[in-house]
Structures are given as structure tokens and as C-alpha cells.
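So the chains spell out like this:
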Amino acid sequence: MKTFNDYFAALSEQDQKALKLLALFCGPLLLYFIILKPGYSYYSEAKESHRESSQLLTWIEQNKSKVQTTQAPKGKSPELPLSQYISTSAETKKISITRLQPQGDKGVRIWMNEVSFSSLMEYLSELSNNGLTISSITVDKTTNPGVVNAQCLLNNV
């Protein structure tokens, strides 16, 4: 700081006045561009983000009931034993189950060969609507168009 004071004292009176005027002009500009403008910009962005978040929260709260009512309804649990229910419902859709293997108390793994893809989807949709969940499914194409081999793990919830 002492070197600056020495330098300033060594300047002519006109140069000292010019430097003082320059400082009076640049000081507020620096204050504005370094502190005030970035602070206000941050404030404006935060305010806008808060407004958007509030609108999103309002929209979510308004549509929460729609989401809850459009969830897949839990169908009635089949009255027959699970493996028997799966077999009889497959017969009604004209689907041949080649293998049926129980998986614990509430699960069954089924294999179906040479089944129409659309029939398979209708069958699985019916099972799902009646309270069964499809835990895993593997579908393989065959040489015939629209015909697949499938393996599913079904659970009774």
C-alpha cells in the first residue's frame, strides 16, 4: 500500500484528479458487475426455479388421484389351485402348456411351445387381470411367423 501512496504522491495534480475521477467511476461499476449483477441473476434464477417447482408440485397433487385410479386393478384370486387354474384357463384360450412346474407356494413356471403370439398375450393379460403377476417371461421366435415359444414365471399375490 505504501508503494501505491508513493506512486500517487509522485503524480502531477492533474493526474491525481484524473485517477480519483477514474476510481469514482470504476468503483461503482466494479461493485455492480462483480457483486450486484451476479447476485441478482442468481436470485432471479432461484425464484424462477422455485416457481416451476411449485407449479410441478401443484400439478402432481392434482393428478395424484388419476394415477392411483389408473393402476392395474388387483383381480380376484383364482378359487382353484394355482396350477389347475393356469391349466384350465390355457385350455379355454386353446393354448397347450408343455410343462408346468410349481415354484414354492405361490408361484408356477410354465412352458408353451408353438403358440400364437396374440393368443399368448391375451392369455397372459387374462391371468394378470385375475390377480397373477408375471415375474419373468422369455419369448423366442420360431420359424413360423406369429408363432413363439414362451416360458413364464407366474406368482399369485
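Residues numbered from 1 in each chain as written. Predicted model: local features only at pLDDT ≥ 70, side-chain atom pairs only at ≥ 80, totals over all residues. Heavy atoms only, no water.

The subject of this paragraph is the nonpolar core. Ile86, Ile110, Met112 and Tyr123 are the most contacted members of the largest nonpolar core, which has 18 residues in total. Not counting chain neighbours up to four residues away, the residues in contact with tyrosine 123 comprise Ile86, Ser89, Ala90, Lys93, Ile95, Ile97, Ile110 and Met112. (Core = buried A, V, L, I, M, F, W, Y, C linked by side-chain atoms within 4.5 Å. Buried < 20%, exposed > 50% of the residue type's maximum accessible area, 1.4 Å probe, protein only. Contact = heavy atoms within 4.5 Å.)

Before going further, it helps to spend a moment on unusual backbone geometry. Its identity is not glycine, yet lysine 94 carries a phi of approximately 60 degrees, on the positive side. Structurally, lysine 94 can be placed in the loop between helix 3 (82-92) and strand 1 (97-102). (Helix = DSSP H or I, 4+ residues; strand = E, 2+ residues; numbered from the N terminus.)

What follows concerns the sheet that holds strand 2 (residues 107-116). The strand order across the open sheet formed by four strands is 1-2-4-3, and the pairing between neighbours is antiparallel. One side of each edge strand has no neighbouring strand; the edge strands of this open sheet are strand 1 and strand 3 (132-141). Across the sheet, the axes of successive neighbouring strands diverge by a mean angle of 15 degrees, strand direction being ignored. Direction of pairing for strand 1 relative to strand 2: antiparallel, over a ladder of five bridges. Within strand 2, the residue paired with glutamine 101 across the bridge is arginine 109. Strands strand 1, strand 2, strand 3 and strand 4 (147-156) of the sheet are contacted by helix 3, whose axis makes an angle of about 165 degrees with strand 1. Sitting on the sheet, helix 4 (residues 117-129) touches strand 1, strand 2, strand 3 and strand 4, and the angle it makes with strand 2 is about 155 degrees. (Pairing = 2+ DSSP bridges. Axes fitted to C-alpha atoms, helices over the stretch in contact; angles between N-to-C directions.)

What the rule picks out here adds up to three salt bridges. With a closest N to O distance of 2.3 Å, glutamate 48 and arginine 51 form a salt bridge. Of this pair, glutamate 48 and arginine 51 both sit in helix 2 (residues 13-69), three residues apart, which is roughly one turn of the helix. Salt bridges linked by common partners bring Lys93, Glu122 and Glu126 together as one network. (Salt bridge = Lys/Arg side-chain N within 4 Å of Asp/Glu carboxyl O.)

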